Amino acid sequence: MTVLDDIIAGVREDLEERRRAVSLDELKDRVSSVSPARDAVSALRGPDRDTVEIIAEVKRASPSAGDLNGIPEPATLAHEYEAGGAAAISVLTESRRFKGSLEDLDAVRSEVSIPILRKDFTIDPYMIWEARAHGADLVLLIVAALSDQELHEYLELTHRLGMNAIVEAHTADEIERAVEAGANIVGVNVRNLKTLETDKTHFASLASHLPEGPVIIAESGVAEPSDVADYGRQGAEVVLVGEALVRHSDPRDAVGEFKNQGRKARAAYWEEKDARDGR
Ligand SMILES: O=C(O)c1ccccc1NCC(=O)[C@H](O)[C@H](O)COP(=O)(O)O
């Protein structure tokens, strides 16, 4: 059993409990009274091609690092992220390994106006309805956890609800499956789901497989601003950061600094790309 299988087994049990408490019909009713989802694609693309946008994560704990930060007030942390210039907030809602919850999502939703990602292990359409009912604008679809048919169906439902999905890949084959499924946002997660270790060079090794068109996100492994710059130079338009931000003494300032360094690197990326393309 891999770590992903183990996490998903727990997610499935918790999902069944929630489904017993709140029926799908009830969720659908709630969705009809929630404000429409925000346009996450525009937010993640940023104002111009030289930006590296940041998705800042509310992450209490993780399988790889254990407890990270108690985060007594997720809304306050999210407010700092937004004030620092984050394009979107990621809220982990998985409870067993990440100590997150839908209550965290509600708290963050009530505080910020930028798009919010419900970061969880989406294994059933119910979770997509649930995300929307709690005000999320984005969900996560992990290619390694879903069949091609599920990917298609879940992406279609996500879009039908006015939301977007980050379709997360770990390999060239998974990037291809994400694109085939119709992803307009592709995340490359450099965390090896067997060892849980992050290897930033993994993003560069997949650079030639990154599609043109979808928003490209580099996920995991950022410890300092130069890591954001490296991802930007290798083709990431957006970087998702968790641990480094929740452990930082000034998360607002940290988001700003990540963006500054990203912008410098992005200019270099375009210069090299334009030269390669003969522009
Ligand atoms: O963070 C983990 O240990 C983890 C383990 C297994 C599956 C997923 C995991 N993390 C989810 C994420 O994708 C990260 O929270 C996110 O990319 C931020 O990563 P980081 O900046 O390295 O905290």
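Residues numbered from 1 in each chain as written. Predicted model: local features only at pLDDT ≥ 70, side-chain atom pairs only at ≥ 80, totals over all residues.

(A) The overall build of the protein chain, seen in detail. When its secondary structure is counted, the protein chain shows 12 helices and 10 strands. Over its C-alpha trace the protein chain gives a radius of gyration of 18 Å, about what one expects of a compact globule, namely 19 Å for 279 residues. Each principal axis of the C-alpha distribution contributes one length, and for the protein chain these read about 55 × 40 × 40 Å. Counting across all 279 residues of the protein chain, residues that qualify as buried make up 46%. Long-range pairs, those at least 24 residues apart, make up 70% of the contacts in the protein chain between residues at least 6 apart in sequence. (Helix = DSSP H or I, 4+ residues; strand = E, 2+ residues; numbered from the N terminus. Rg over C-alpha atoms; globule rule 2.2 N^0.38 Å. Buried ≥ 20, exposed ≤ 12 C-beta atoms within 10 Å, placed from the backbone. Contact = placed C-beta atoms within 7 Å.)

(B) Molecular detail of helix α4 (residues 74–84). Restricting attention to buried positions, one finds in α4 the residues Pro74, Leu77, Ala78, Tyr81, Glu82 and Gly84. Relative to the axis of α4, the buried residues are bounded by an arc of 165° and lie together on one face. In the core, the buried residues of α4 are packed alongside β1 (53–58), β4 (88–92), α5 (102–109) and α12 (251–276). The positive-phi residue at the C-terminal boundary of α4 is glycine 85, with phi of around 110°. (Arc of directions from axis to C-beta.)

(C) Expanded view of the pairing of strand β6 (residues 138–142). Within β6, 5 of the 5 residues are buried, which leaves the element mostly enclosed by the surrounding structure. A two-sided burial pattern is seen for β6, the buried positions comprising Leu138, Leu140 and Ile142 on one face and Val139 and Leu141 on the other. Bridge analysis of strand β5 (residues 116–119) against β6 gives 2 bridges, and the strand direction is parallel. Its bridge partner lying in β6, leucine 117 is registered against leucine 138. Crossover handedness for the path β5 to helix α6 (residues 125–133) to β6: right-handed. As judged from the 5 bridges shared by β6 and strand β7 (residues 164–169), these two strands associate in the parallel manner. Counterpart to leucine 140 in the pairing with β7 is isoleucine 166. (Pairing = 2+ DSSP bridges. Right-handed = clockwise from strand over helix to strand, strands pointing away.)

(D) Representation of the sheet that holds β7 in the model. Read around the closed barrel, the 8 strands follow the order β1-β4-β5-β6-β7-β8-β9-β10; overall the barrel is parallel. Neighbour-to-neighbour, the strand axes of the sheet open up by a mean angle of 25°, direction not taken into account. Relative to β6, helix α7 (residues 148–160) is tilted by about 175°, and along the sheet it contacts β6 and β7. (Axes fitted to C-alpha atoms, helices over the stretch in contact; angles between N-to-C directions.)

(E) Just the pairing of β7, in detail. For β7, the buried fraction is high: 6 of the 6 residues fall into the buried class. Side chains of β7 alternate between two faces, with Asn164, Ile166 and Glu168 and Ala165, Val167 and Ala169 buried alike. At this point the chain moves from β6, through α7, to the parallel β7, and the crossover so formed is right-handed. Relative to strand β8 (residues 185–189), β7 runs parallel, the two sharing 3 bridges. Bridging from a neighbouring strand, alanine 169 pairs with valine 188 of β8.

(F) Region of the structure containing the site of the ligand. In the vicinity of the ligand lie 20 residues, with Ser62, Ser64, Ser220, Gly242 and Glu243 positioned nearest. Among the elements of the structure, β10 (238–241) and α11 (243–246) are those that each provide at least two residues to the shell around the ligand. Of the residues contributing to the shell around the ligand, the split by class is 8 nonpolar, 7 polar and 5 charged. (Near = placed C-beta within 6 Å. Nonpolar A, V, L, I, M, F, W, Y, C, P; charged D, E, K, R; others polar.)

(G) View of α6. In terms of burial, α6 is a largely internal element, 7 of the 9 residues being buried. All of the buried residues along α6 are Met127, Ile128, Trp129, Glu130, Ala131, Arg132 and Ala133.

(H) Examining unusual backbone geometry more closely. Phi angles above zero are rare outside glycine, and lysine 99 is one such case at about 60°. Examined against the element boundaries, lysine 99 turns out to sit in the loop between β4 and α5. Its 18 C-beta neighbours within 10 Å are what place lysine 99 among the partly exposed residues.

(I) Spotlight on the environment of aspartate 124. Along the chain, aspartate 124 turns up in the loop between β5 and α6. Among the residues examined, aspartate 124 registers 16 C-beta atoms within 10 Å and is labelled partly exposed. Sequence separation between aspartate 124 and serine 23 is 101 residues; the distance between their C-alpha atoms is 14 Å.

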